[in-house]
Amino acid sequence: QVQLVESGGGLVQAGASLRLSCTASGNTVSGFDMGWFRQAPGKEREFLATARRSGALEVYARSVVGRFTISRDNAKNTVYPQMNNLAPEDTAVYYCAAAETGLDLRPANQYTYWGQGTQVTVSS
C-alpha cells in the first residue's frame, strides 16, 4: 500500500507557474507509475499525464502538452508536476494517483491509490 499527499496548490494569476508535490508514504514512488488528474467543478475527472516508473513521461491532455512536466525525487519519495503558463481553465482540484501495473494509464480506474487533491485556482 501507499498513501499519497498532494500539496502546492493555491491561487495564482494567469501566466504564472506552479509546482505541485505528491509525497508518498508506506511505499516508494519508484515502484509505481504515477498519474496526475484534475477535476473542475461540474466536470469529469480529466487525465493529464503519467510518469512511468521507468522515467518516461506520457502526457495526453492536449490542454497541458508543452506546459506540464513531471520530475521525481526518489530520495524524498516525491513526484513534482510543474505547470507553466497557467490559464483560468486550469482551475481544478489536482490529484496524484499510483498505478501498480497497466499499459494504458489514461483511465482513472487503472490507479489503485489516490491522494486527497489540492486546489489550484487561476485568476484572469
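Here the structure is a predicted model, which means the values were calculated and not measured. (Residues numbered from 1 in each chain as written. Predicted model: local features only at pLDDT ≥ 70, side-chain atom pairs only at ≥ 80, totals over all residues. Heavy atoms only, no water.)

K.L.:
What exactly am I supposed to notice about the nonpolar core here?
P.N.:
Nonpolar side chains in soluble globular proteins tend to be buried together. In terms of nonpolar packing, the biggest core is built from 29 residues, with Leu4, Met34, Trp36, Phe68, Met83 and Tyr94 touching the most fellow members. Elements supplying a minimum of two residues to this core: β4 (21-25), β5 (33-39), β6 (46-51), β8 (68-73), β9 (78-83), β10 (92-99) and β12 (118-123). When residues in this core are grouped by element, the largest group, four residues, is from β10. Excluding residues within four positions of it along the chain, Met34 makes contact with Leu4, Cys22, Val29, Ala49, Thr50, Ala51, Arg72, Val79, Ala97, Ala98 and Tyr111. (Core = buried A, V, L, I, M, F, W, Y, C linked by side-chain atoms within 4.5 Å. Buried < 20%, exposed > 50% of the residue type's maximum accessible area, 1.4 Å probe, protein only. Helix = DSSP H or I, 4+ residues; strand = E, 2+ residues; numbered from the N terminus. Contact = heavy atoms within 4.5 Å.)

K.L.:
Where do I start with the pattern of salt bridges in this structure?
P.N.:
Any two side chains of opposite charge can pair, on the condition that their charged atoms come close. This model, assessed by the stated rule, comprises six salt bridges. Between Arg53 and Asp33 there is a salt bridge; the shortest N-O distance is 3.2 Å. Note that Arg53 is positioned in the loop between β6 and β7 (57-59) and Asp33 in strand β5, a separation of 20 residues in sequence. For Asp104, the salt bridge goes to Arg106, with nearest N and O atoms at 2.9 Å. Among the charged side chains, a network of salt bridges with common partners joins Arg38, Glu46, Arg67 and Asp90. (Salt bridge = Lys/Arg side-chain N within 4 Å of Asp/Glu carboxyl O.)

K.L.:
How do you make sense of the environment of Ser71 when you look at a structure like this?
P.N.:
Within the secondary structure layout, Ser71 lies in strand β8. Between the C-alpha atom of Ser71 and that of Ser123, which follows or precedes it by 52 residues, the distance is 26 Å. For Ser71, the contacting residues outside a window of four places in its chain are Thr78, Val79 and Tyr80.

K.L.:
Whenever I open this one, the side chain of Thr78 confuses me. Can you help?
P.N.:
Counting through the fold element by element, Thr78 comes out in strand β9. Look at Thr78 and you get buried, because its relative accessible area is 3%. If we skip the residues at most four places from it in the chain, Thr78 touches Ser21, Cys22, Thr23, Val29, Ser71, Arg72 and Asp73.

K.L.:
Would you mind going over the state of the cysteines with me for this structure?
P.N.:
Structurally, a disulfide amounts to a covalent bond that connects the sulfur atoms of two cysteines. Going through the model one piece at a time under the given rule, you end up with one disulfide. Note that Cys22 is cross-linked by a disulfide to Cys96, the S-S spacing being 2.0 Å. Its S-S torsion of approximately 60 degrees makes the covalent link between Cys22 and Cys96 right-handed. With Cys22 in strand β4 and Cys96 in strand β10, the pair connects residues that are 74 residues apart, well separated along the chain. Here the two residues Cys22 and Cys96 agree in accessibility, since each one is buried. (Disulfide = S-S within 2.5 Å.)

K.L.:
Explanation requested: the pairing of β6 in the structure shown.
P.N.:
Here is the key point about a regular strand: its side chains alternate between the two faces of the sheet. Burial analysis of β6 places five of its six residues in the buried class, the great majority of the element. Note: β5 against β6, five bridges, orientation antiparallel. Residue pairing across strands places Trp36 opposite Ala49, the latter belonging to β6. What sits between the antiparallel neighbours β5 and β6 is a turn of six residues, in which Gly42 has the positive phi angle 75 degrees. (Pairing = 2+ DSSP bridges.)

K.L.:
Could you clarify how one ought to interpret unusual backbone geometry in this entry?
P.N.:
Leaving glycine aside, a negative phi is the common case for residues, and trans is the common case for peptide bonds. Although it is not a glycine, Asn77 adopts a positive phi angle of roughly 55 degrees. Position of Asn77 relative to the elements: it lies in the loop between β8 and β9. Overall, the relative accessible area of 12% leaves Asn77 in the buried class.

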